[in-house]
Amino acid sequence: ASGGSFAKWKVCDIGCGIGALVAQFEREGAFAEGYDLDPNVIRFGKKHWKVDLHVGGLDSALLSTQDCDLLCLSHVIEHLPNLRSSLGKAVHALRDDGYLFVEVPRYHEKTFQPPLDLESHLHFFTSSSLTALLEGV
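Residues numbered from 1 in each chain as written. Predicted model: local features only at pLDDT ≥ 70, side-chain atom pairs only at ≥ 80, totals over all residues. Heavy atoms only, no water.

### Considering the pattern of salt bridges
Then, in step 1: Tallied over the entire structure, the rule returns three salt bridges.
Then, in step 2: The partner of K89 in a salt bridge is D59, with the nearest N and O atoms 4.0 Å apart. Of this pair, K89 sits in helix α4 (residues 83–92) while D59 is found in helix α3 (residues 58–64), placing the two residues 30 residues apart along the sequence.
Then, in step 3: On the basis of relative accessible area, K89 is assigned to the partly exposed category, the value being 43%.
Then, in step 4: The shortest N-O distance in the salt bridge between D97 and R95 comes to 3.8 Å.
Then, in step 5: You can call R95 partly exposed: its relative accessible area is 41%. (Salt bridge = Lys/Arg side-chain N within 4 Å of Asp/Glu carboxyl O. Helix = DSSP H or I, 4+ residues; strand = E, 2+ residues; numbered from the N terminus. Buried < 20%, exposed > 50% of the residue type's maximum accessible area, 1.4 Å probe, protein only.)

### A closer look at the packing of aromatic side chains
Then, in step 1: According to the stated counting rule, one finds three aromatic pairs in the structure shown.
Then, in step 2: Ring geometry for F6 versus F25: centroids 4.9 Å apart, planes at 85°, classification edge-to-face. Note that F6 is positioned in the segment before β1 (10–14) and F25 in helix α1 (residues 20–27), a separation of 19 residues in sequence.
Then, in step 3: Judged by relative accessible area, F6 falls into the partly exposed class, the value being 22%.
Then, in step 4: Relative to Y99, the ring of W9 lies with its centre 5.9 Å away and its plane at 5°, an arrangement referred to as stacked. Of this pair, W9 sits in the segment before β1 while Y99 is found in strand β5 (residues 94–103), placing the two residues 90 residues apart along the sequence.
Then, in step 5: On the basis of relative accessibility, which here comes to 15%, the residue W9 falls in the buried class.
Then, in step 6: Cluster of aromatic residues (ring-pair linked, three or more members): F6, W9, F25 and Y99. (Phe/Tyr/Trp six-rings, centres within 6.5 Å; stacked < 30°, edge-to-face > 60°.)

### Digging into the sheet that holds β5
Then, in step 1: Ordered in space as β3-β2-β1-β4-β5, the five strands form an open sheet in which the pairing is parallel. The two strands at the open ends of the sheet, each matched to only one other strand, are β3 (52–55) and β5. Within this sheet the neighbouring strands show an average axis-to-axis angle of 15°, counted without direction.
Then, in step 2: In this structure, β1 lies alongside strand β4 (residues 68–74), joined through four bridges in parallel fashion. Note that in β4 the partner of V11 across the bridge is L70.
Then, in step 3: Against the sheet, α4 engages β4 and β5, with an angle of about 135° to β5. (Pairing = 2+ DSSP bridges. Axes fitted to C-alpha atoms, helices over the stretch in contact; angles between N-to-C directions. Contact = heavy atoms within 4.5 Å.)

Have a look at this one:
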């Protein structure tokens, strides 16, 4: 952000949970919206933060979101079945000089095998594999 400000930035947080990051970006002057698949957290976030939150995932968000300055995918891509295709769509939702923020869990694959896999992680990353994936988008 120029001068440390997100004023007038268009920000989309996918996997936003209760929308705390969306609320913070709005306090910074951004036009921010969030998407999450869990209707309960969206309902809570709308009531608590009074921000623009929607039930939906990456595909839902990208149908209505274009020309973003910042697209946040925090703990999202490990759940996506078609990584390259999904990330390609995400990049197309960005302005030419926009930013894609990706955060993935730092866990070993064995953590998410039955009977412990409560979150349906489809992919696991190292720093180098995540970098290679994003450089290929």
